[in-house]
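# Observations on the model geometry
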Amino acid sequence: MPEKACPIVVRLNCGQPEVLAFAHPSAGKQFVKGTIESDEDPDEAAIRETWEESGIRIVKPLFYIGAHQIGTTRQCWHFFQHLSSGLPETWYHHTVNDFGHTFAFFWHPLREPLDQSWHSIFHEAFAFFAPRCSLD
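These remarks concern the structure in this document. On a predicted model such as this, the values are computed, not experimentally measured, just so you know. Residue numbering note: each chain is counted from 1, following its sequence as written. Owing to the predicted nature of the model, reporting of local features is limited to residues with pLDDT of at least 70; listing and counting of side-chain atom pairs is limited to 80 or more, with chain, interface and lining totals taken over all residues. With hydrogens and water stripped out, all remaining heavy atoms of the structure feed into the side-chain values.

## Considering helix α2 (residues 120-129)
Only protein chains enter the accessibility calculation, which uses a 1.4 Å probe. A residue is then buried if its area is under 20% of the maximum for its type, exposed if over 50%, and partly exposed in between. The helix and strand labels rest on DSSP assignments: H or I over at least four residues marks a helix, E over at least two residues marks a strand, and numbering proceeds from the N terminus. Buried within α2 we find Phe122, Ala125, Phe126, Phe128 and Phe129. Here the buried residues of α2 occupy an arc of 160° about the axis, which is enough to place them on one side. What points out from α2, more than 90 degrees from its buried face, is the exposed set Ser120 and Ala127. The reported arc concerns the directions from the helix axis to the C-beta atoms and nothing else.

Spelled out as structure tokens, the structure:
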């Protein structure tokens, strides 16, 4: 089973950490993630997925948060943090991949739990990465 890369884009807003998220038109709220291709390192996949799903270009180095087995299939997800600034409060991004969906991006407070509007698998991902994000 292919592994996943999950880039966690974080910002400070009035001193409070927030994480980039989006509303998928048919699958609830989510964080950026995608499949690591056979010729990619996990951090390269994280950079590519960020661009494809959000339109944000990030550069190395990323901070590796760790890997965790996610979902009922226990698929390995690699989590990377990127501290960002200067991005808008909200925006829309039309994907070329993922069937050409338009994703509505927003910021979720890192210290607030996810509600039921989030896709269920991302509750598990959030429980793993949220306490491990460092803003030092």
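There is more to say after this.
## A short note on helix α1 (residues 42-54)
Between the first and last residue of a helix there are one fewer steps than residues, each counted as 1.5 Å, and that sum is the expected span. Its 13 residues place the ends of α1 18 Å apart at the C-alpha level, agreeing with the 18 Å of an ideal helix rising 1.5 Å per residue. Within α1 the residues assigned to the buried category are Ala45, Ala46, Ile47, Arg48, Glu49, Thr50, Glu53 and Ser54. Phi for Gly55, located one or two positions after α1, is positive at around 85°.

## Quick notes on the nonpolar core
Ranked by internal contacts, the top residues of the largest apolar core, which has 21 residues, are Ile8, Phe31, Phe79, Phe126 and Phe129. Of all the secondary-structure elements, those providing two or more residues to this core are β1 (4-13), β2 (16-24), β5 (63-70), β6 (75-83) and α2. Considering each element in turn, this core owes the most residues, five residues, to α2. Val9, Phe22, Val32 and Phe103 belong to the second-largest nonpolar core, a separate cluster that totals 17 residues. To define a nonpolar core, start from buried Ala, Val, Leu, Ile, Met, Phe, Trp, Tyr and Cys residues and group those joined through side-chain atoms within 4.5 Å.

## Concerning the pairing of strand β7 (residues 91-94)
The alternating pattern of β7 places Trp91 and His93 on a buried face, while none of Tyr92 and His94, on the opposite face, is buried. Here a strand pair is declared whenever DSSP counts at least two bridges between the two strands. Taken together, the four bridges between β7 and strand β8 (residues 102-109) define a ladder with antiparallel strand orientation. Looking across to β8, one finds that Trp91 is bridged to Phe105.

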